[in-house]
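# Survey of secondary and tertiary structure
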Protein chains: 2
Amino acid sequence: MLASSLSLALAAFLATGQAVAAPPQTRIPDAAISESARLREAALASDLGYRITESLTTEVGARLAGSEADARAVAWAQAKFKELGFDKVWIEPVTFPRWERRSESAQVLGANAQPLILTALGGSPAGTVEGEVVRFADLAALEAAPAGSLAGKIAFVDYKMERARDGAGYGPGSGVRSRAPSAAIRAGAVAFLMRSAGTDSHRNPHTGITRFDDGLTPIPSAALAVPDADQLTRLLARGPQRVRVSLDCGWDGEATSHNVIGEITGSSRPDEVVLIGGHLDSWDLGTGAIDDGAGIGLTMAAGKLIGDLPKHPARTIRVVAFANEEQGLHGGKAYAQAHAANITRHQLAAESDFGAGRVYAFASGAPEHAKVAVDQIAAALAPLGIEHTPGEGGPGPDLTPFVANGMAWATLRQDGSDYFDLHHTPDDTLDKINPQDLAQNVAAYAVFAYLAAQAEGDFGSEAKPAAVPSE
Amino acid sequence: MLASSLSLALAAFLATGQAVAAPPQTRIPDAAISESARLREAALASDLGYRITESLTTEVGARLAGSEADARAVAWAQAKFKELGFDKVWIEPVTFPRWERRSESAQVLGANAQPLILTALGGSPAGTVEGEVVRFADLAALEAAPAGSLAGKIAFVDYKMERARDGAGYGPGSGVRSRAPSAAIRAGAVAFLMRSAGTDSHRNPHTGITRFDDGLTPIPSAALAVPDADQLTRLLARGPQRVRVSLDCGWDGEATSHNVIGEITGSSRPDEVVLIGGHLDSWDLGTGAIDDGAGIGLTMAAGKLIGDLPKHPARTIRVVAFANEEQGLHGGKAYAQAHAANITRHQLAAESDFGAGRVYAFASGAPEHAKVAVDQIAAALAPLGIEHTPGEGGPGPDLTPFVANGMAWATLRQDGSDYFDLHHTPDDTLDKINPQDLAQNVAAYAVFAYLAAQAEGDFGSEAKPAAVPSE
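Residues numbered from 1 in each chain as written. Chains lettered and ligands numbered in written order. Predicted model: local features only at pLDDT ≥ 70, side-chain atom pairs only at ≥ 80, totals over all residues. Heavy atoms only, no water.

### Considering the overall build of chain A
- Helix and strand content of chain A: 13 helices and 14 strands.
- The C-alpha atoms of chain A give 24 Å as radius of gyration, which agrees with the globular expectation for 471 residues (23 Å, within 12%).
- Once the C-alpha set of chain A is aligned to its principal axes, its extents read approximately 85 × 45 × 40 Å.
- A buried classification covers 60% of the 471 residues belonging to chain A.
- A fraction of 84% describes how many contacts in chain A between residues 6 or more apart in sequence connect residues 24 or more apart.
- With the model as given, the accessible surface of chain A reaches about 16,500 Å², and the carbon-plus-sulfur share is 53%.
- Mean positive and mean negative side-chain charge positions of chain A (39 and 56 charges, respectively) differ by 2 Å. (Helix = DSSP H or I, 4+ residues; strand = E, 2+ residues; numbered from the N terminus. Rg over C-alpha atoms; globule rule 2.2 N^0.38 Å. Buried < 20%, exposed > 50% of the residue type's maximum accessible area, 1.4 Å probe, protein only. Contact = heavy atoms within 4.5 Å. Areas by Shrake-Rupley, 256 points an atom, 1.4 Å probe, with all protein chains shown as cover. Lys, Arg positive; Asp, Glu negative; His and termini not counted. Charge placed at Lys NZ, Arg CZ, Asp CG, Glu CD.)

This is the structure we're talking about:
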C-alpha cells in the first residue's frame with residue numbers, strides 16, 4: 001500500500017504541478033454510501049448474527065482452547081462459512097500450551113466452616129493447601145508485603161472492579177489477576193485468592209489467564225465469586241480464618257488449533273482486504289456467548305450480508321475467527337506472523353470482542369489522509385446511534401500484534417456496562433444477548449466493512465521497521 | 001382464651017342487659033397505638049434486623065437440616081436470643097430423616113458434548129444414568145405419558161415459572177418439583193430433570209424437596225439451571241440428545257435438630273403469647289439469606305425492639321426459629337404437637353418466610369369479633385406503605401400445622417417479585433438483601449406483634465375438634 005500511495009501522489013503531482021506534501025485523501029464514492037444505507041437496513045431487519053451465535057454456543061458450547069470442543073468449533077466455523085456462501089474458506093494453524101481445569105473447591109475451616117465458590121485462574125497449577133488468609137485491599141498493598149511475610153499463608157486481594165460503559169475498570173481488575181499471584185509468591189504465600197474481576201453479585205466466579213514471573217514457583221491461584229469475597233471479608237472482620245483451597249488443573253503439553261478464515265472476494269481489488277472478526281475460543285465455564293460468540297456471529301453475518309449485495313465491494317471482506325485469544329492472543333500473534341509480508345494488503349481491520357451491547361462509538365487509527373473516508377464511514381454509522389470519537393479506543397485484542405506491525409485499524413465500541421457481569425463466568429450464555437442489539441452490531445460492522453472496501457485510496461497500513469518477520 | 005372471651009361476654013351482658021350474640025369486640029388501647037408509632041420509627045432507624053441476618057448467614061452460612069452447620073445454627077440462635085436480652089430462651093427437639101448432597105454433574109453426550117449445570121432435588125437418590133432425553137412442556141404432558149413409554153429415557157419437564165409479586169407462580173413451579181418425579185417413574189424413566197422452579201437467568205439451579213409416591217422406586221431427580229434448560233431445549237430442537245446424569249446424594253438415617261425459642265415476657269398476661277418467627281434451616285447451596293435468614297433476623301429484631309420499650313406489652317412476644325422447614329415443615333409440625341394443649345394461649349401468629357422484600361399487605365384469619373383490633377393494626381401499619389387486604393394470603397408454612405388445629409394467624413405479605421430469582425440457589429446470599437427494606441419488615445413485625453400483645457380481647461384461637469393431640 002505504500003507503493004500504491006506514492007503512485008497516487010505522483011499522479012496528483014503530475015495533474016496539478018504542485019509539490020507532493022501528503023498522500024491524496026482517501027474517499028468513498030457516493031454510490032457506495034447509498035448502498036451502505038440499504039445494507040444497514042437489511043442488517044437491522046435480519047436475525048442472522050443471533051442465529052449464528054446461537055448455533056455456535058448451542059451446538060459446540062464452551063470451547064476452551066485446545067479442548068475437544070475447540071476442535072469442534074474450528075470444524076463448525078469452516079462449515080458455517082461455507083453454508084453462508086463465503087467465496088473462500090481456510091484454516092491456519094495456531095500452536096500453544098494446553099491448560100486444563102478438572103476440579104476446584106474451597107472451604108473455610110473451623111468455627112465458621114462453610115464452602116466458598118471459586119474458580120482457578122487460567123495457568124494456575126494444581127494443589128491442595130490450607131492456610132490462614134491475609135486480606136489486601138488492592139494489588140499495591142500486596143506488592144508492599146515484605147518477602148516472607150506471608151509464609152504458609154493465603155494471600156487474598158479484595159479489589160472491587162468498577163462498572164463502566166467502556167470497560168475502564170477492567171485494567172485494574174485484570175491487573176490483579178495477572179500480577180498479584182507473583183507478588184503473593186514473593187511474599188511467601190502458599191496460595192492466591194482474589195475477588196473476581198467482575199461487576200456482578202452472583203455466585204459465578206470469573207476466570208481468566210494469569211501468569212507467573214520467571215524464576216518463581218507457581219502457586220494455586222483462584223478467583224472467588226463476588227458474594228464469596230464479600231463473605232470472606234466479613235468473616236475476616238470477625239477474626240482469623242483458615243481456608244482450604246483445592247485445585248486440580250494445570251498445563252498439559254501443546255495443542256494446535258486454528259484461525260478460521262472466510263472471504264467475500266472483492267470485485268475489482270480482490271487482493272486488498274478489509275478484516276473483521278472475533279475469537280472462536282472461549283473459557284470453559286460458560287458457553288462463550290458474549291465472549292466471544294457474539295463477535296463471531298456478528299462479523300460472520302456482516303460478511304454474509306455484504307456478500308448478498310448485488311455486487312461485491314471492490315476489496316475483499318475477510319472474516320477471521322481467531323484461535324485462543326483467551327490464553328495470550330495466540331491466534332492474533334499467529335495471524336500477524338503468517339501475514340507479515342502482506343500488511344499493506346490489509347486496508348483496515350476491526351475486531352469485535354466486547355460482548356453484544358450496542359455500538360455507541362466509532363474511531364480509527366487511520367492517518368490524516370484517510371480522514372475524509374473515516375468521516376464518511378462515521379456519517380454512515382450515525383443513524384445507528386453511533387458517535388464519532390476520533391482518537392478514542394484501540395484495536396481489538398487479536399489485532400494488536402498486527403497493528404503493532406503497521407496495520408491500520410478501526411474500532412466499533414460497544415456498550416460494556418454489563419459485560420463484566422458475565423465475562424469469563426458460567427453465566428456467559430446466549431440468553432444474555434439482546435437480539436436487537438446484536439443486529440445493530442451486525443449493521444455497524446457491515447456498513448463499516450463495506451465502505452472501507454469501497455474506499456478509493458488507503459487507510460495507512462504500512463509495514464513498520466520493527467515488524468515481526470514473516471515465517 | 002375461649003373461657004376468657006365468655007367471661008368478657010358475660011360482663012358485657014351484665015352491663016347492658018342484652019342477650020349475648022357474639023364475643024365482644026377485641027380492641028387495642030389508644031396508648032398502645034401511640035406507643036407503636038414510636039416503635040415503628042425506632043425500627044425504621046435501626047439496622048438490627050440486618051445485623052442479625054448478617055451474623056447468621058456469615059458465621060454459620062448454609063445450614064442444611066441435620067448437618068453440622070444446622071447444629072451450629074441452633075447454638076447461634078440460642079446465643080443470639082440471650083445476647084439480645086430475651087427473657088427466656090429454650091430449645092425443643094425436632095427429629096427427621098437426614099438427606100445429604102455430596103456431588104452432582106451432568107453432560108450432554110455425543111456431537112454436542114457439553115456440561116449442564118444442575119442440582120439434585122432434596123430427597124433424590126444417588127445414581128449415574130445415561131439416556132435419551134424426552135422433553136415435556138409441563139407436568140400435565142408428562143402425566144399423560146403412557147406407562148413404559150419412557151423406558152430407559154430421561155424425562156425433562158421444561159415448565160417456565162412465572163414472576164409475580166405474591167409468588168403465585170410458585171404453586172405450578174413447585175408442583176412440577178414435587179409431583180413430576182413420580183410421573184416420570186410411572187412412565188418408565190431412569191432419571192428426571194426439570195427446568196428450575198425459578199424466575200432468574202443465571203446458572204444457579206434451584207433445589208427444593210421432592211417426594212416419590214408410595215410403591216415407586218425413586219430415580220435420580222434434579223433441576224437444571226434456567227440457562228441450561230434453555231440450552232437443552234435448543235439442542236433437542238436440533239435432534240435427539242443423550243445425557244448422563246450423575247448424582248451422589250441421599251437419605252442417611254435420622255437427625256435431631258431443634259426449634260429455638262426466645263421470649264419477651266408479657267407484663268400483665270405473660271401466659272398469652274403472640275408468636276412471630278421464621279425458619280432457621282436453609283438449603284445447602286446458598287447461605288440462606290432470603291430463605292430464611294431474613295425471617296429470623298427481622299423477627300428477632302422485632303422482639304428485641306419490643307423488649308427495649310419502657311414497658312413490655314401485656315402479652316408475651318414469642319419468637320420461634322423453626323427447625324427443618326425445607327424438607328417438610330418438620331419444625332412447624334413438632335411445634336404444633338408440643339404445644340397442642342396451649343392453642344388458645346397463642347393469641348395470634350405470623351411467620352416471615354418469603355424473603356426480604358418490603359411488606360406491602362397485611363391480613364389476618366381472625367374472626368369477626370377481632371375486626372376492630374385487626375383494623376387498628378392495619379391502620380398502624382399503613383404509614384409503612386402496607387395495605388389492608390382482608391381475606392388474602394395465609395399463615396407462613398411453619399404455622400400451617402398449628403393453624404390447622406385452630407391457632408389464629410396474620411400475614412405480613414412481602415414483595416416477592418425477585419424472590420424466585422434466588423430461592424433455593426447458591427445465589428441466596430446476604431448481598432441480595434436491601435437493609436432499608438429489611439428495616440421496614442422489622443418495623444411491620446414489631447408494630448404488629450406489639451399491638452396484638454396489647455389488645456384487650458382475643459383473636460379467635462380455639463382448639464378444633466380435629467386438633468393434633470399433645471404428645
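### Concerning helix α6 (residues 170-186) of chain B
Residues and elements named next belong to chain B.
- For α6, spanning 17 residues, the distance from its first C-alpha to its last is 24 Å, which sits close to the expected 24 Å at 1.5 Å a residue.
- For α6, the principal kink sits at R179 and spans about 45°; a proline, P181, occurs within the next four residues.
- With 12 of its 17 residues buried, α6 lies for the most part within the structure.
- When α6 is considered as a whole, its buried residues turn out to be Y170, G173, S174, G175, V176, R177, A180, P181, S182, A183, A184 and I185.
- Residues of α6 that are buried sit in contact with α5 (139-143), β5 (154-157), β6 (191-195), β7 (221-224) and α12 (419-422).
- Phi for G188, located one or two positions after α6, is positive at around 100°. (Expected span 1.5 Å × (residues − 1). Bend = angle between axes of the 7 residues up to and from the residue.)

### Considering the sheet that holds strand β13 (residues 387-388) of chain B
Residues and elements named next belong to chain B.
- Taken together, the three strands give an open sheet; going across it, the order is β13-β12-β14, and neighbouring strands pair in mixed fashion. Two strands lie at the open edges of the sheet, namely β13 and β14 (410-414), each paired on one side alone.
- Across five bridges, the pairing between strand β12 (residues 359-364) and β14 is antiparallel. Bridge pairing in β14 places A361 opposite R413.
- Where helix α13 (residues 435-454) meets the sheet, its contacts fall on β12 and β14, and the angle it forms with β14 comes to roughly 170°. (Pairing = 2+ DSSP bridges. Axes fitted to C-alpha atoms, helices over the stretch in contact; angles between N-to-C directions.)

### Here's the deal with the UniProt feature "domain: Peptidase M28" (unreviewed entry) in chain A
- The sites that carry the UniProt feature "domain: Peptidase M28" (unreviewed entry) are, in the present numbering, residues 259-444 of chain A.
- End C-alpha atoms of residues 259-444 of chain A are separated by 23 Å, and the span's content is 31% helix alongside 24% strand. (UniProt positions renumbered as here; feature names shortened; annotations may be inferred.)

### Describing the sheet that holds strand β13 (residues 387-388) of chain A
All names here are of chain A.
- The sheet built from three strands is open, its strands ordered β13-β12-β14 with mixed pairing. Because the sheet does not close on itself, it has two edges, and the strands there are β13 and β14 (410-414).
- Sheet topology note: the strand β12 (residues 359-364)/β13 ladder contains two bridges and is parallel. Looking at the pairing, F362 lines up with H388 of β13.
- Relative to the sheet, helix α10 (residues 371-381) contacts β12, β13 and β14, its axis offset from that of β12 by approximately 170°.
- Together, β12 and β14 form the strand contacts of helix α13 (residues 435-454), whose direction differs from that of β14 by roughly 170°.

### Quick word on the pairing of β12 of chain A
- Where burial is concerned, most of β12 of chain A is hidden: six out of the six residues are buried.
- What joins β12 of chain A to β13 of chain A is α10 of chain A, and the crossover it makes is right-handed. (Right-handed = clockwise from strand over helix to strand, strands pointing away.)

### Remarks on the interface of chain B and chain A
- Facing the 32 residues of chain B at the interface are 32 residues of chain A.
- Across the interface of chain B and chain A, roughly 2,500 Å² is buried in total on both sides, 42% from carbon and sulfur atoms.
- On the chain B side of the contact with chain A, T58, R203 and R238 of chain B bury the most area, a combined 23% of that side's loss.
- On the surface where chain B and chain A come into contact, there are four salt bridges.
- Notably, a salt bridge pairs R238 of chain A with E59 of chain B, separated by 2.6 Å at the nearest N-O pair.
- Secondary-structure elements contributing two or more residues to the side of chain B that touches chain A are α3 (48-60) and α7 (226-238) of chain B.
- For the side of chain B that touches chain A, the class distribution of residues is nine nonpolar, 13 polar and 10 charged. (Buried area = accessible area lost by both parts, 1.4 Å probe. Salt bridge = Lys/Arg side-chain N within 4 Å of Asp/Glu carboxyl O. Nonpolar A, V, L, I, M, F, W, Y, C, P; charged D, E, K, R; others polar.)

### Some points on the relation of the copies chain B and chain A
- The transform that puts chain B on chain A rotates by 180° and translates by 0.0 Å along the axis, for an RMSD of 0.0 Å. Taken together, the turn and the small shift mark the pair as related by a two-fold rotation axis.
- Residue by residue, 100% of the interface of chain B is reproduced at the interface of chain A, so both copies engage with the same surface. (Least-squares fit on C-alpha atoms with pLDDT ≥ 70 in both.)

### Here we look at the nonpolar core
- Residues L142, F192, L280, F362, F448 and F459 of chain B are the most contacted members of the largest nonpolar core, which totals 98 residues.
- Element by element, the count of residues in this core is highest for α13 of chain B, at 13 residues.
- Here this core gathers at least three residues from each of two domains, domain 1 (24-87 + 265-454) and domain 2 (103-252) of chain B.
- Residues F136, L150, I185 and L430 of chain A belong to the second largest nonpolar core, which totals 97 residues. (Core = buried A, V, L, I, M, F, W, Y, C linked by side-chain atoms within 4.5 Å. Domains from an automatic or database assignment.)

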